[in-house]
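# Observations on the three-dimensional arrangement
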Amino acid sequence: AGGFAPDLSSAASRLRNLKPTAEARPLADVVVEAIKLTAEQEDHRQEVFVFSDLAAAAWTDDDVKAINEELAKAPDVRIYVADCGVKSPQNASLAPLDLRRVVLRPGEPLHLETTVTSNLKGEPPLVELALQDNDGKLQKRDQRLATLDEKGQAHIAFDLGDLSLGTHQGAVQLMAADPLAVDNTRYFTVEVRPPARVLLLAERPQDALFVQKAIGPLAEGEPSRFECDVRTFDKTAEVQFENYQAVLLLDPPPLPDELWNQLQEFAAAGGGVGIFLGHNAVSHTDGFNADTPQKLLAGKLTRKSADETYLRPSHFEHPALKGLSNTAEAIPWAKTCQVFNYGQLDLAGDAYTIAGYANGDPAIIERGVGRGRVLTVTTPFSDPPMPEGRESWNLLPASPWPFLGICDNLVGYLAQDSDERLEYFAGETAHIRLGPKQQIENYVLRLPDGQATRGVATGSSGEIAVSGAEEIGNYRINAGGASGQLDRGFSVNAPPEVSELTPADAEKLAAALPKERVRLADNLDAVENYVNIGRSGRELYPWAIALVALVWSSEHLLANRFYKDAA
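Described in the following lines is the structure provided in the data block. Here the residue numbering is sequential within each chain, running from 1 through the sequence in written order. The predicted origin of the model limits local features to residues at a pLDDT of at least 70 and limits the giving and counting of side-chain atom pairs to 80 or more, whereas totals for whole chains, interfaces and linings rest on all residues. Excluded from the side-chain calculations are hydrogens and water; all other atoms, namely the structure's heavy atoms, are used.

## A few points about the overall build of the chain
Secondary structure assignment for the chain yields twelve helices and 30 strands. The globule rule used here is 2.2 Å times the number of residues to the 0.38 power, and the radius of gyration it is set against is calculated over C-alpha atoms. Its C-alpha radius of gyration of 34 Å places the chain more than 25% over the 24 Å reference for a compact globule of 567 residues. Counting only C-alpha atoms and orienting by the principal axes, one finds that the chain spans roughly 140 × 55 × 50 Å. Taking all 567 residues of the chain together, 43% fall into the buried category. Only heavy atoms enter the contact rule, under which two residues are in contact if any of them lie within 4.5 Å. Here the contacts in the chain between residues at least 6 apart in sequence split such that 69% fall between residues at least 24 apart. Positive charges come from Lys and Arg, negative ones from Asp and Glu, while His and the chain ends are left out of the count. Where a charge lies is defined by one atom per residue type, namely NZ (Lys), CZ (Arg), CG (Asp) and CD (Glu). Of the charged side chains in the chain, 53 are positive and 80 negative, and the gap between their average positions amounts to 2 Å. Numbering goes from the N terminus for both helices and strands, where a helix is a DSSP run of H or I of at least four residues and a strand is a run of E of at least two. Partly exposed residues are those whose accessible area sits between 20% and 50% of the maximum for their type, while under 20% is buried and over 50% is exposed, using a 1.4 Å probe and protein chains only.

What follows is the structure in C-alpha cells.
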C-alpha cells in the first residue's frame, strides 16, 4: 500500500482483499519502501514486520545492502523478521521452455525442451504436452516420464509436427502433486507462417546457386522455410520489393541510386537487406562510398585485405547466430570457413559487428534502418572455389555445414522470424510485431480466464504493446472480425525465481544486518517476545526483590557473626 490505513478495520480489509499474483515485487523493494513509510511517522513507534520464508533468492547480498542503506537513513526504525518457511521445501518444477523456433514454416515440426527439477519422493513424474483447441481447452498430444538423475533433474524434449498455418498455443504440464503448483505448467505460443519470400540479386543467375540451395528444400517436394526468387541486377525495374521479406545482394557491382533508394525504403518499412561484398565492390569503391549506398552499408570501403583467415564468431547471443550456439564448439571453423580475401570498412557510427574473423576484423555487421535490418558481410557467399580470371575469396560454400546453418540463420533474421518473442514473464510488456498487411486500429485481447478486453493499436509503431499481463496463461489477439485480419497470441509464465526455495543462511543473514535494530525469529512467539522487550523492556521486579532478599540475608548473617550470645 502507498500509505498507512486510517484505522484498524481498513487495514484488516486490505489484508482480506489481498490476492496472489505472479508479478511479485522483489522483497527488498517492499522492505525499503516500508522503512521509508514508517520513518515518516515520527510520533509513532517505528516498527516494520517482515514475514518471509527466507528464501535465498529474496535475500541476496545486494538486497541486504539496499536494506542496510535505507536503515542508515532512518535510525529509529526497527525490523522484526519472522521466518515462515520450512526447513526442507518440497517442490517439483519446470524450467522455462526452450523452443527451437517460435515461427515455423509449413512442415517444420515444433521442437521444445525443458528441465524437470524435483525433490519429491515416489515414482518419476509425468510430463505432458498439450495444445489448445478452438474452445481454448488443452488437449493432450504427448507425454514423457521424467527419470531424475542424482541431482533430481531430468531433461525432457518434445517434437510435434503437422501443425496447420496460423497461431498455435499450448502448455507443458508436470503432473505432480506438490505444495507449489504455479511452476508446474509452462505455456507457449508458436506461429506457422507461409515460407518467407526471399529475393536473390546477382550478376548472373548461377551466382545465386549456393545461397539458393542452402536455404531451399533439402530435396524436391520437401517443405522449406524460404521461397527464393532469383533476379539479375539489371532486371530489377519491375520487381515489387514489398512482396518479399528479405533481399540479398550477392557480390553486387555499383548500383544506380534509384535501386539503393528502393532498398532503403524496403528496409525502413520492415524488410531485411543482406549485402554480401566481393570483388565487384573493392574494384569500384567509389560506387559504394557515395552518399546514397552509404545509407544502407555498414560503412565506407577502405581496401581489400588479403590476410588469410577464417570466419569465427566469438559469441552467439545475437538472434542472427543463436541457432548455431548448440553446435558452435563442434564446428571446425578453421577448416570449413577459410577466407582468403575480404573487404575492410570504416564502420558507421550506428553499425556494430555481430561476427568477426579469427584475426578480429569484422565479418558480419548490422545496421538498423527504420523497422528493418541490414546486414553487411565483408566476403561473398557466392564465390566458386575456382572462379575464372581471378582468385577465390573464400571456401565457405564448399562445406555444406556450417554454410547451410549460417545462411539459414542470417536469412531468417533478415526475414524477421528468428527473434520473434511470444513468451513473457508475468508483469512484462508484450510486444507483438505487425506485418505490413496487419496494420489495425483496434483489437480484442482474450485473457487466459476467457474474458475479453478491447485495445487500441498505435499505427506508427508497427506493433501492439500489451502491458500489465499478470495472469499466467495464453493470451489471444484478434482483429478484423470474420475476415481474420489479425489472429496472434502470446504466453505469460511465472518467472523462474519462484522455484528457488533454498533457504538463506540465517546466521549469515543476521550478521549482515544491524544486530541492534533487526531481529530474526523462527516463530511468531519469538517475534512477540522481541516486540515486548523492545516496547516495554524486561520486567526487573523479580530480579530486584531477589537482590534485596540476598542483601538482607547477607546482612543478617554478618550481624549474627559479631553479636553471638555468651555460652
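## With respect to the sheet that holds strand 2 (residues 78-83)
Two strands make a pair as long as DSSP finds a minimum of two bridges between them. Strand order in the open sheet made by the three strands is 1-2-30, with parallel pairing throughout. Sheet topology places strand 1 (47-52) and strand 30 (518-521) at the edges, where each strand pairs with a single neighbour. For this sheet, the mean inter-axis angle between neighbouring strands, taken without regard to orientation, is 15 degrees. Two elements, strand 2 and strand 30, share four bridges in a ladder whose sense is parallel. Bridging across to strand 30, Tyr80 finds its partner in Arg519. Axes, fitted as lines to C-alpha atoms, cover a helix only where it is in contact. Angles between the N-to-C directions of the axes lie from 0 to 180 degrees.

## Brief notes about unusual backbone geometry
Between Trp401 and Pro402 the backbone carries a cis peptide bond, its omega angle lying at 20 degrees. With respect to the helices and strands, the residue Pro402 is situated in helix 9 (residues 400-414). Even without being glycine, Leu54 reaches a positive phi, approximately 55 degrees. Tracing the backbone through its elements, the reader meets Leu54 in the loop between strand 1 and helix 3 (61-73). The class of Leu54 is buried, set by a relative accessible area of 6%.

## Quick notes on the packing of aromatic side chains
Here is the rule: rings of Phe, Tyr and Trp (six-membered ring for Trp) pair when centre to centre is within 6.5 Å. Planes less than 30 degrees apart are stacked, more than 60 are edge-to-face, and the remainder are tilted. Taken as a whole and assessed by the stated rule, the structure comprises nine aromatic pairs. Ring plane angle 80 degrees and centroid distance 6.2 Å describe the contact between Trp260 and Phe288, whose orientation is recorded as edge-to-face. Taken together, the residues Trp260 in helix 5 (residues 257-268) and Phe288 in helix 7 (residues 285-289) connect sequence positions 28 residues apart. Neither Trp260 nor Phe288 differs from the other in exposure class; each is buried.

## Digging into the packing of helix 2 (residues 27-39) against helix 3
The N-to-C vectors of helix 2 and helix 3 enclose an angle of 5 degrees; their axes lie 9 Å apart at closest approach. Considering the angle they form, helix 2 stands roughly parallel to helix 3. On helix 3, the residues that touch Ala28, Val31, Val32, Ile35 and Lys36 of helix 2 are Asp63, Ala66, Ile67, Glu70 and Leu71. In this classification, Asp, Glu, Lys and Arg are treated as charged, Ala, Val, Leu, Ile, Met, Phe, Trp, Tyr, Cys and Pro as nonpolar, and every other residue, Gly included, as polar. Tallied by class, residues from the contact of helix 2 with helix 3 come to seven nonpolar, no polar and three charged. Angle categories: roughly parallel below 35 degrees, roughly antiparallel above 145, roughly perpendicular from 65 to 115, and oblique for all the rest.

## Quick look at the nonpolar core
Note that soluble globular proteins tend to have their nonpolar side chains buried in a common cluster. The biggest cluster of nonpolar side chains holds 48 residues, and the ones touching the most others in it are Phe188, Ile464 and Phe490. Put simply, buried Ala, Val, Leu, Ile, Met, Phe, Trp, Tyr and Cys residues joined by side-chain atoms within 4.5 Å make one nonpolar core. Counting 42 residues, the second-largest nonpolar core is a separate cluster that includes Ile331, Val339, Ile406 and Val411.

## Topic: the side chain of Thr185
With respect to the secondary-structure elements, Thr185 resides in strand 11 (residues 185-192). Not counting residues within four places of it along the chain, the set of residues in contact with Thr185 comprises Leu94, Ala171, Val172, Gln173 and Asn493.

## Quick word on the environment of Lys295
Its place among the elements puts Lys295 in the loop between helix 7 and strand 16 (299-305). Counting along the chain gives 71 residues from Lys295 to Glu366, while the straight-line C-alpha distance between them is 13 Å. Excluding anything up to four places from it in sequence, Lys295 contacts Gln264, Arg367 and Val369.

## A closer look at the environment of Asp361
Mapped onto the secondary structure, Asp361 falls in the loop between strand 20 (351-356) and strand 21 (362-369). Along the sequence, Asp361 and Thr376 sit 15 residues apart, while their C-alpha atoms lie 13 Å from each other. Discounting residues that sit within four places of it in the chain, Asp361 has contacts with Tyr342, Gln344 and Gly356.

## What to know about the sheet that holds strand 5 (residues 103-104)
Strand order in this open sheet of five strands is 5-11-10-7-8, and the pairing throughout is mixed. Looking at which strands have only one partner, the edges of the open sheet turn out to be strand 5 and strand 8 (138-145). Here strand 7 (residues 126-132) pairs with strand 8 via seven bridges, running antiparallel. The residue bridging Leu126 from the neighbouring strand is Leu145, located in strand 8.

## Describing helix 9
The first and last C-alpha atoms of helix 9 sit 21 Å apart over 15 residues, in line with the 21 Å expected at 1.5 Å per residue. Helix 9 sits mainly inside the fold: twelve of its 15 residues count as buried. Taken together, the buried positions of helix 9 are occupied by Pro402, Phe403, Gly405, Ile406, Cys407, Asp408, Asn409, Leu410, Val411, Gly412, Tyr413 and Leu414. Two residues or fewer after helix 9 comes Gln416, characterised by a positive phi angle close to 60 degrees. Take the residue count of a helix, subtract one, and multiply by 1.5 Å to get its expected span.

## A closer look at the pattern of salt bridges
When charged atoms on two side chains of opposite charge get close, those side chains can pair. Salt bridges are counted wherever a side-chain nitrogen of Lys or Arg sits within 4 Å of a carboxyl oxygen of Asp or Glu. Evaluation of the coordinates by the stated rule reveals 21 salt bridges. The salt bridge involving Glu128 is made with Lys140; its shortest N-O contact spans 3.9 Å. In this pair, Glu128 is assigned in strand 7 and Lys140 in strand 8, connecting sequence segments twelve residues apart. With a closest N to O distance of 3.6 Å, Arg193 and Glu420 form a salt bridge. With Arg193 in the loop between strand 11 and strand 12 (196-202) and Glu420 in the loop between helix 9 and strand 23 (423-425), the pair connects residues that are 227 residues apart, well separated along the chain. A residue is classified by how much of its surface remains accessible, and Arg193, at 21% relative accessible area, is partly exposed.

## Some thoughts on the side chain of Ser118
Residue position: Ser118 is located in strand 6 (residues 110-118). Given a relative accessible area of 8%, Ser118 falls into the buried group. A polar contact is formed between the side chain of Ser118 and the backbone nitrogen of Leu120, at a distance of 3.1 Å. When residues no more than four places from it in sequence are discounted, the contact partners of Ser118 are Asn91, Ala92, Leu148 and Gly152. Pairs of N or O atoms within 3.5 Å make up the polar contacts considered here, provided that, within protein, one atom can donate a hydrogen while the other can accept it, and that residues adjacent in sequence are counted only when both atoms are side-chain atoms.

## A closer look at the pairing of strand 7
With five of its seven residues buried, strand 7 lies for the most part within the structure. Following strand 7, the chain reverses through five residues before pairing antiparallel with strand 8; Gly136 in that reversal takes a positive phi of roughly 85 degrees. Across six bridges, strand 7 lies against strand 10 (residues 166-175) in antiparallel orientation. By the bridge assignment, Leu129 is partnered in strand 10 with Val172.

## Details of a nonpolar patch on the surface
The patches described consist of residues with a relative accessible area above 30% and no salt bridge, like charges being joined within 9 Å and nonpolar side chains (Val, Leu, Ile, Met, Phe, Trp, Tyr) within 5 Å. Here the Shrake-Rupley method, with its probe set to 1.4 Å, supplies the accessible areas, and only the displayed protein chains count as covering residues. Taken together, the side chains of Phe49, Phe51 and Leu524 present a nonpolar region at the surface, about 320 Å² in accessible area. Take Phe49: it is sitting in strand 1. Phe49 sits in the partly exposed class, given a relative accessible area of 35%.

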